[in-house]
Amino acid sequence: MSNNDQQLRVSKIQNGTVIDHIAGGQALNVLAILGIDGTSGDSVSVAMNMPSDRLGHKDVVKVEGRELSQDEVDVLSLIAPAATINIIRDYDVVEKGRVERPSVVEGVLECPNHNCITTEDEPVDSRFAVGDDGVRCEYCDTIIRDDLPAHILAE
């Protein structure tokens, strides 16, 4: 039996998105960002803590039948800055790119400050400046450094 025969392989997907080069242990946060909790029927494959030359260990997430929106990619970049996004159609990679951290994310995170204008009944979308140490609300200056997935607005 060759070394290739001993490896567990995750099958190719026909159409959808493969998110590769996620830092080891972050795949579940990626699923949270994408709103995938297992109840929607999405076919999802997750590989965690796989050997990686670039990262040491990496996670990989494959989502069948879904292409990510730019907003999803922007938020994803905050917890997986080295990730690559592969769009798959008819089993072929038709688009491949690395995530890029935006300078601002708008309307995708909820400010934890209950007095912020974005958390009241005002028609104001949240807006966060992206920095090296976290994200900062542009309305009240509250900084989120940890547990970003917990602050993602439900769609």
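Residues numbered from 1 in each chain as written. Predicted model: local features only at pLDDT ≥ 70, side-chain atom pairs only at ≥ 80, totals over all residues. Heavy atoms only, no water.

Going by the annotation in an unreviewed UniProt entry, the name recorded for the protein chain is Aspartate carbamoyltransferase regulatory chain, with Haloarcula sebkhae given as the source organism. What the UniProt record of the protein chain gives under Subunit (unreviewed entry) is the line "Contains catalytic and regulatory chains." Taken directly from UniProt, the Function (unreviewed entry) text for the protein chain runs: "Involved in allosteric regulation of aspartate carbamoyltransferase." (UniProt positions renumbered as here; feature names shortened; annotations may be inferred.)

Explanation requested: the overall build of the protein chain in the structure shown.
Across its full length, the protein chain carries three helices and nine strands. Ordered by position in the sequence, the α and β elements of the protein chain form the string α-β-α-β-β-α-β-β-β-β-β-β. For the protein chain, the spread of C-alpha atoms along the principal axes amounts to about 65 × 30 × 25 Å. Residue pairs in contact within the protein chain that sit at least 24 positions apart in sequence constitute 58% of those at least 6 positions apart. Of the roughly 9,400 Å² that the protein chain leaves accessible, carbon and sulfur atoms contribute 43%. (Helix = DSSP H or I, 4+ residues; strand = E, 2+ residues; numbered from the N terminus. Contact = heavy atoms within 4.5 Å. Areas by Shrake-Rupley, 256 points an atom, 1.4 Å probe, with all protein chains shown as cover.)

Is there a simple way to think about the domain arrangement of the protein chain in this case?
When the parts come together, some accessible area is lost, and that loss is often what is quoted as the size of the interface. Considered domain by domain, the protein chain is made up of domain 1 (3–98) and domain 2 (104–151). Look at where the C-alpha atoms of domain 1 and domain 2 centre, and you get two points 26 Å apart. Contacts between domain 1 and domain 2 engage seven residues on the former and seven residues on the latter. Carbon and sulfur atoms make up 87% of the area that domain 1 and domain 2 hide from each other, which totals about 570 Å². For domain 1, the biggest contributors to the area lost against domain 2 are Asp71, Val75 and Leu78; these three give 63% of the whole. On inspection of domain 1 and its partner domain 2, the count reaches zero salt bridges. The interface formed by domain 1 and domain 2 holds zero residue pairs in polar contact (both at pLDDT 80 or more) in total. Elements with a minimum of two residues in the side of domain 1 that touches domain 2: helix H2 (27–33) and helix H3 (70–79). A per-element tally of the side of domain 1 that touches domain 2 places H3 first, with five residues. Grouping the constituent residues of the side of domain 1 that touches domain 2 by class yields four nonpolar, one polar and two charged. (Domains from an automatic or database assignment. Buried area = accessible area lost by both parts, 1.4 Å probe. Salt bridge = Lys/Arg side-chain N within 4 Å of Asp/Glu carboxyl O. Polar contact = N/O pair within 3.5 Å; in protein donor to acceptor, adjacent residues only side chain to side chain. Nonpolar A, V, L, I, M, F, W, Y, C, P; charged D, E, K, R; others polar.)

Help me out: how do you make sense of the sheet that holds strand E1 (residues 16–23) in this one?
The sheet built from five strands is open, its strands ordered E2-E3-E1-E4-E5 with antiparallel pairing. Strands at the two margins of the open sheet, each flanked by one partner only, are strand E2 (44–52) and strand E5 (92–98). Neighbour to neighbour, the strand axes of the sheet diverge by 20° on average, direction disregarded. Alignment of strand E4 (residues 84–89) against E5, held across six bridges, turns out to be antiparallel. (Pairing = 2+ DSSP bridges. Axes fitted to C-alpha atoms, helices over the stretch in contact; angles between N-to-C directions.)

Would you mind showing me how to read the side chain of serine 52 here?
Residue position: serine 52 is located in strand E2. Dropping the residues within four chain positions of it, serine 52 is found in contact with His21, His57 and Lys58.

What should I look at first to understand the nonpolar core in this one?
Side chains of nonpolar character tend, in soluble globular proteins, to be buried together. Among the nonpolar cores identified, the biggest contains 32 residues, and Ile19, Val30, Leu34, Val61, Leu109 and Phe128 are the most heavily contacted of them. For this core, the secondary structure elements donating two or more residues are E1, H2, strand E3 (56–64), H3, E4 and strand E8 (134–137). Considering each element in turn, this core owes the most residues, five residues, to H3. Looking at this core, you find at least three residues from each of domain 1 (3–98) and domain 2 (104–151). Those residues in contact with valine 30 that sit more than four places away from it in its chain are Ile19, Ile22, Val61, Leu76 and Ile79. (Core = buried A, V, L, I, M, F, W, Y, C linked by side-chain atoms within 4.5 Å. Buried < 20%, exposed > 50% of the residue type's maximum accessible area, 1.4 Å probe, protein only.)

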